[in-house]
Amino acid sequence: MKTKITTLTFGLLLSPMTLAAMDCSDPMHAQMDACKAQAAMPKNSGEMDHSKMPMPAPQMDHAKMDHSKMAMPAAKSSMSSGMDCSDPMHAQMSACKSAKPAIPVSDGSMDKDVPFPYEVHKMEDDPVLTKFILEQLEVHDADGKNPLTWEAEAWIGKDLNKLWFKTEGERVDGETEELEVQALYSRAIHPYWDFQVGIRKDLQPESREWGVLGFKGLAPYYFETDVALFVGESGRSALRVQSEYELMLTQKTVLAPEIELNFHGKNDAATGVGSGLSDVSLGLRLRHEFKREFAPYIGVEWTKKFGNTADFARDEGNDVSDTQLVLGIKAWF
Amino acid sequence: MNNKIDNGFDAKRRRFVQGLTTGGMLASLGLISPSVLAAKPAMKEVKILDGSVFDLSIDEVMVNFTGQLKVATAINGSIPAPTLRMREGDDITIRVTNKMPVTSSIHWHGLILPTNMDGVPGLSYAGIKPGETYVYKFKAVQNGTFWYHSHSGFQEQTGMYGSIVIEPRNDDVVQFDRDYVVLLSDWTDENPDTVYAKLKKMSHYYNTRERTLSDFTKEVREMGFTKAKKSRDMWNQMRMSDRDLSDVTGMTYTFLANGKTPNEGWTGTFKPGERVRLRFINGSAMTFFDVRIPGVKMEVVASDGQYIKPVNGIDEFRIGVAETYDVIVQPAHGSHAIFAQTIDRSGYAFGSLTSNGKKAKVPAMDKAPLLTHADMGMDMGGMDMSDPAMAGMDHSAMGHDMGRMEAAKPRVKVARGVQVDMMASGAQVRLDDPGVGLRNNGRRVLTYADLRNYYPTKDARPPNREIELHMTGNMSRYMWSINGVKANDSKPIGLKFGERVRFTLVNDTMMNHPVHLHGMWSELESGDDNYLPRKHTIVNQPGAKISYLVTADAKGQWAYHCHMLYHMKGMFRRVIVA
């Protein structure tokens, strides 16, 4: 900075430059208060009283500047007349905002497309990709039964359009007690959100079929969120809200709190769900990413059933609320 | 050697080249695949080819930069490709034979030549098919430091790049006793298609220095919870990270100087008192380097191969992908490190300048920087300047006045939607901003505001119109576009032959975009219209605005794109001059 100012001073001494003619487009000059003062002038500066113009402030080494050679601009001159507002530095100045030579601005696009002169593969920025994500595969520590549960997803597609598959389920003592699969068309509708539509099939504990409408994406504050509305036969409906946050403890160790809420439109005694808020689960999993794609974890999951769902559970002699330790792996490729 | 800082990086991977003879050993143990065996080992030395007729052949070779044998694409068997030395005014003939099983191409980056010699498949020709030879013929109408690289797929990433030095026809305006090319590049053992797929599946895959809990607790200790939370709010609401400096990092990259890993260390010799010309070329796919030679002042004499008014006393400069800078140094007796740390400080390329035959000591890397609100193009008028994120910025040095900034509303249509995750509402021209990580670092850092053409501006006409282009993207989906429209959905940009046009770029992303116009000079509006520096690649900093003038003096269809290899396929336009 020091060298710049010296150069500037030197330049001013050599040339009998007037303030009006000062090239504020020069980045060195642009920092000068004199230039800032120009910029500060009101937009319609045609009739300006220059006696009110602030003189350069002392913090720039003006002591070395020969002000006697710096004639003040003629009174009532138009600020804009001598200024090159086409210059990008000037363009920022308010004086320029009004005075900028009117050259047309466009995105330059041609009206019509023109073929490539030679045959070529177009720029393939959007290849078909696949991703398989094992969100959770875990064993629960639960009164000797130690159920195995999973949540997995897979997709195939491009940036905007994907086929999306989801499954979750539970096995206890070699028996699949819960199994749900979904096949969805997923369309990116927002920088962070996908709209998903498709079907869900429950195979266990009872066979149920649902239509699915959902939104999946990243909410502000990095909440990975999936909200899905399910519409089934016999007027059945359900809403599932899932959200997860990843708190990085280190570059490889991640603490992931998670919440899931399920609502149902009506009672379904066969599957043990009741209308209203049926259950909530809160999970906290601590994983270590040995590599990005593979991380074992340990965690705890708290679940609680509500309303009629809780009543169904009590009738069956099951717990309404439970806290379980989990041990599992998360992986993707 | 500690090649990395604080990012949980696996040091074992960095056991560099054990020598290429290992190849035979591994092969006999059956540890490498047949396709690797089919390729010949790469040559260790980079040749210099001198003259006006050149024969180049493209073939797969076997390389070992990391201890792993990998197949690379190489020109004349070496990485980098041979340095081509030619003379201004000569008629140049370059015969390029493609010995690979896939179509290839070579583009002469920064050379002014007819469009059919420019080497862009689809625009110049159909590419060079397997087994074919394409004969390039053009006149070397300029002098300086340039480079050449494949313009097909991701072949550039896998080794297809080399230097071009064109000697001036008349006396050189710069005096020097020695002349070295320092070509910086990035190598990955991964298939570039895999790298691209990973970025699409998890855009922060290669970021090994994400924010952690302790960063937040530290901020809480320093400024209290309320302020700490507030300083995080903008980022959290935007779902972006101030640690997101490079898409692809040292996690997968090994950084090379003239094809040498940091452990090997390229070495150039000099005699004390000599003026040494170093021609820096950034031939990376995705890496910005901050270059310095500790203890040695640099005189920057050329930018993108074009002489500028010498800028003395430079300690450090940032070189964007595809840019070149020529510097003159006069080192004292001893060994001096040429240290090119990456913008995100995830690694470095390294070489030595020596007068005693010894390698220089590797300097420590600087602290990894954080992006600021300015880098996000935030309108700073309403900003809390006590924000620690802003503390590192010298606002007075940024050439603007805080109070009066107005939001830079797009003056052209920017298609909002999935393609665009942010707009830089307060994008400012920041010519004298050295960029994130280099601000107020106590060194004299080169900025674009320092660049003045050595010669007066040739075309003194003011522009007759302006083309505003927004560099747009969706970081988390890893999609890139211009004005919210990706290349495949875009219409070409039309220029009238002979017209003078201003291009204004607004960077609505948090990444640097080095924008390269083929066939014509981009004359950077760096502050003096009478001496506009001519560049082929203009870096548009995150959240910043920049403008340059173009005289449309070359008829035909030209490529115009961001030179970040994994941005380019979306951030690409055809420019048609007719």
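Residues numbered from 1 in each chain as written. Chains lettered and ligands numbered in written order. Predicted model: local features only at pLDDT ≥ 70, side-chain atom pairs only at ≥ 80, totals over all residues.

### A few points about the sheet that holds strand β25 (residues 493–495) of chain B
Residue and element names in this part refer to chain B.
So, step 1. Pairing is mixed in the open sheet, where five strands are placed in the order β25-β33-β32-β27-β30. For this open sheet the edge positions go to β25 and β30 (537–540), each flanked by a neighbour on one side alone. The sheet shows a mean angle of 20° between the axes of neighbouring strands, taken without regard to direction.
So, step 2. Of the pairings in the sheet, the one linking β25 to strand β33 (residues 572–577) comprises three bridges and is parallel in character. Its bridge partner being in β33, leucine 495 is matched across the sheet by valine 577. (Pairing = 2+ DSSP bridges. Helix = DSSP H or I, 4+ residues; strand = E, 2+ residues; numbered from the N terminus. Axes fitted to C-alpha atoms, helices over the stretch in contact; angles between N-to-C directions.)

### Here's the deal with the interface of chain A and chain B
So, step 1. Contacts between the two partners involve 54 residues from chain A, matched on the other side by 67 residues from chain B.
So, step 2. Elements with a contribution of two residues or more to the side of chain A that touches chain B: α2 (27–30), α3 (33–40), α4 (88–91), β1 (105–106), β2 (129–141) and β10 (247–248) of chain A.
So, step 3. Here the side of chain A that touches chain B is composed, by residue class, of 29 nonpolar, eleven polar and 14 charged.
So, step 4. Relative to strand β23 (residues 465–474) of chain B, β1 of chain A is paired through two bridges, and the arrangement is parallel. What sits directly across from serine 106 of chain A, in β23 of chain B, is isoleucine 467 of chain B. (Contact = placed C-beta atoms within 7 Å. Nonpolar A, V, L, I, M, F, W, Y, C, P; charged D, E, K, R; others polar.)

### Considering helix α5 (residues 225–238) of chain B
Residues and elements named next belong to chain B.
So, step 1. With 14 residues, α5 should cover 20 Å at 1.5 Å per step; its first-to-last C-alpha distance of 20 Å lies within 8% of that length.
So, step 2. Bending of α5 peaks at approximately 35° at the position of arginine 232.
So, step 3. Positive backbone phi, approximately 60°, marks arginine 239, located one or two places after α5. (Expected span 1.5 Å × (residues − 1). Bend = angle between axes of the 7 residues up to and from the residue.)

### What about unusual backbone geometry?
So, step 1. A cis amide bond, omega 0°, links glutamine 204 of chain A with the succeeding residue proline 205 of chain A.
So, step 2. The residue proline 205 of chain A is located in the loop between β6 (193–204) and β7 (208–219) in this model.
So, step 3. For the bond from isoleucine 79 of chain B to proline 80 of chain B, the omega torsion is -5°, close enough to zero to count as cis.
So, step 4. Topologically, proline 80 of chain B is positioned in the loop between β4 (70–75) and β5 (81–87).

### Digging into the confidence of the model for chain B
All names here are of chain B.
So, step 1. Averaged over all residues, the pLDDT of chain B is 89; the fraction at 70 or higher stands at 88%.
So, step 2. In the model, residues 1–32 has pLDDT below 50 throughout and makes 49 contacts with residues more than four positions away in sequence or in other chains.
So, step 3. Within the model, the stretch residues 381–407 combines pLDDT values under 50 with 57 contacts to residues more than four positions away or in other chains. (pLDDT = per-residue confidence, 0-100.)

### Let's talk about the sheet that holds strand β12 (residues 253–257) of chain B
Residues and elements named next belong to chain B.
So, step 1. Across the sheet, six strands lie side by side as β12-β11-β14-β19-β16-β17; this open sheet has mixed pairing. Edge positions in the sheet fall to β12 and β17 (306–314), since each of these pairs with one other strand and no more. Averaged over all neighbouring strand pairs, the angle between strand axes comes to 20°, with direction disregarded.
So, step 2. As paired elements, strand β16 (residues 298–303) and strand β19 (residues 324–329) share four bridges and run antiparallel to each other. Note on β19: the bridge partner recorded for alanine 302 is aspartate 326.

### Topic: the environment of serine 481 of chain B
All names here are of chain B.
So, step 1. Residue position: serine 481 is located in strand β24 (residues 479–482).
So, step 2. Taking the C-alpha atoms as reference, serine 481 lies 9.5 Å from arginine 573; in sequence the two are 92 residues apart.
So, step 3. Other than its neighbours up to four places away in sequence, serine 481 contacts Gln419, Thr472, Gly473, Lys486, Gly570 and Met571.

### Regarding the pairing of β12 of chain B
It is a general feature of regular strands that their side chains alternate between the two faces of the sheet.
Residue and element names in this part refer to chain B.
So, step 1. Of all five residues that make up β12, five are buried, and the element is covered over most of its length.
So, step 2. Burial along β12 is two-sided: Tyr253, Phe255 and Ala257 and Thr254 and Leu256, pointing in opposite directions, are all buried.
So, step 3. Looking at chain direction, strand β11 (residues 178–188) and β12 are connected through five bridges and run antiparallel. When the bridges of β12 are listed, leucine 184 appears paired with alanine 257. (Buried ≥ 20, exposed ≤ 12 C-beta atoms within 10 Å, placed from the backbone.)

### Here we look at the environment of phenylalanine 146 of chain B
Residue and element names in this part refer to chain B.
So, step 1. In this fold, phenylalanine 146 is placed in strand β9 (residues 144–149).
So, step 2. Using a count of 23 C-beta atoms within 10 Å as the deciding quantity, one classes phenylalanine 146 as buried.
So, step 3. Phenylalanine 146 sits 36 residues away from glycine 110 along the chain, and the two C-alpha atoms are 6.1 Å apart.
So, step 4. Contact partners of phenylalanine 146, with chain neighbours within four places excluded, come to Trp108, His109, Gly110, Leu111, Ile164, Ile166, Gly305 and Thr324.

### Things to note about the packing of helix α4 (residues 213–223) of chain B against α5 of chain B
Residue and element names in this part refer to chain B.
So, step 1. Where α4 contacts α5, the axes come no closer than 7 Å and their chain directions differ by 130°. As the angle between them shows, α4 and α5 are arranged oblique. Note on packing geometry: the crossing formed by α4 with α5 is right-handed. Residue-level inspection shows Phe216, Glu219, Val220 and Met223 of α4 in contact with α5, the latter providing Phe225, Lys227, Ala228 and Ser231.
So, step 2. Looking at the contact of α4 with α5 residue by residue, the classes come out as five nonpolar, one polar and two charged. (Parallel < 35°, antiparallel > 145°, perpendicular 65-115°, else oblique. Left-handed = near helix turned anticlockwise from the far one by under 90°.)

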